[in-house]
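# An overview of the molecular structure
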Amino acid sequence: MRVDIVSLFPEFIDQCSAFGVVGRARERGLLSLHGWNPRDYATGNYRRVDDRPFGGGPGMVMLIDPLRAAIEAARAADPAETKVVYLSPQGPRLTQAKVRELAARPRLVLLCGRYEGIDERLIEAEVDEELSIGDYVLSGGELAAAVVVDAVARLQEGALNDADSATQDSFEADGLLDCPHYTRPVEHALGQVPEVLLSGNHAEIARWRRMESLGRTWLRRPDLMDEKSLNKADRALLDTFRSRYLRGLDESDGDA
Ligand code: 9D3
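Let me sum up the structure you'll find in this document. (Residues numbered from 1 in each chain as written. Predicted model: local features only at pLDDT ≥ 70, side-chain atom pairs only at ≥ 80, totals over all residues. Heavy atoms only, no water.)

## Quick word on the overall build of the chain
Summing up its helical and strand segments, the chain has eight helices and 10 strands in all. Over its C-alpha trace the chain gives a radius of gyration of 24 Å, far above what one expects of a compact globule, namely 18 Å for 256 residues. With respect to the principal axes defined by its C-alpha atoms, the chain has extents near 75 × 45 × 40 Å. Looking at the chain as a whole, 39% of its 256 residues qualify as buried. By sequence separation, contacts in the chain at least 24 residues apart represent 73% of the contacts at least 6 residues apart. As displayed, the chain has an accessible area near 15,300 Å², and 50% of this comes from carbon and sulfur atoms. Of the charged side chains in the chain, 32 are positive and 43 negative, and the gap between their average positions amounts to 1 Å. (Helix = DSSP H or I, 4+ residues; strand = E, 2+ residues; numbered from the N terminus. Rg over C-alpha atoms; globule rule 2.2 N^0.38 Å. Buried < 20%, exposed > 50% of the residue type's maximum accessible area, 1.4 Å probe, protein only. Contact = heavy atoms within 4.5 Å. Areas by Shrake-Rupley, 256 points an atom, 1.4 Å probe, with all protein chains shown as cover. Lys, Arg positive; Asp, Glu negative; His and termini not counted. Charge placed at Lys NZ, Arg CZ, Asp CG, Glu CD.)

## Here's the deal with the site of the ligand
Lining the immediate surroundings of the ligand are 16 residues, of which Ile-133, Gly-134, Tyr-136, Leu-138 and Gly-140 lie closest. One of the backbone nitrogen or oxygen atoms of Leu-138 is found 2.8 Å away from an oxygen atom of the ligand. Gly-141 places a main-chain nitrogen or oxygen 3.2 Å from an oxygen atom of the ligand. Expressed as a share of its isolated accessible area of 580 Å², the protein-covered part of the ligand is 71%. Classifying every residue of the shell around the ligand by side-chain character gives nine nonpolar, six polar and one charged. (Near = heavy atom within 4 Å. Polar contact = N/O pair within 3.5 Å; in protein donor to acceptor, adjacent residues only side chain to side chain. Nonpolar A, V, L, I, M, F, W, Y, C, P; charged D, E, K, R; others polar.)

## Some words on the sheet that holds strand E3 (residues 50-51)
Spatial strand order, E3-E4-E7: three strands in an open sheet with mixed pairing. Every other strand in the sheet has two partners, leaving E3 and strand E7 (117-118) as the edge strands with one partner each. Relative to E7, strand E4 (residues 61-62) runs parallel, the two being bridged by two bridges. By the bridge assignment, Val-61 is partnered in E7 with Gly-117. (Pairing = 2+ DSSP bridges.)

See below:
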């Protein structure tokens, strides 16, 4: 997959994608990143990329023409059809479903804003989709673009090694949170590893992990869970988790 990034700081996303799974995907040729800096397409002695907002107010607005030239250069670099995604606080929030959709495309142009934002006419003319990464204020779209690049890169066929376990991930399997993980040593001053994980009984271990995933999702992210759509086995596991959890709460009440 090819991702073109239009940004005043294209090196930033490059650096964000140099390590780990994403770095390896790039080394393996599964992902290529190309930066396009609107500054390089700005004209005049000052190479301006922004100006003051009509109507007044604080901050600056990115100019249409340098951005448009950079987007057109990015489009022209590869004939495959491309979608232009503008990372912006006004977009719907990025989800794993959207990540899967973007990851399946041959290429993508990511547009990053700085300052107060981009002239609305450029957005209307060139942008296919806006995406936010969450309800907090960043100082520009670059970190959000790096998030998109990371999330789509690891879904490229061959990007993950067996050890990276794409399908066991929360969200990717069935939208549940992950179960807890443990490694050596078995006994530690901070506590011991749950007995079941040492049992060698793989069916029991799978059941325990499923129960923990269900239980944690119920406790921490009930918004992700539709209990009515759980099958019988999952409902039974969640009931077991709940009764153990409630008993645990009882005990701590008793101690107090
Ligand atoms: C303080 C500035 N705000 C005035 C009400 C508006 C504003 C403009 C530009 C807020 C943030 C930004 C820059 N943010 C992004 O470019 C951005 C972003 C974000 O801030 N949060 C979550 N997702 C994203 S994607 C791009």
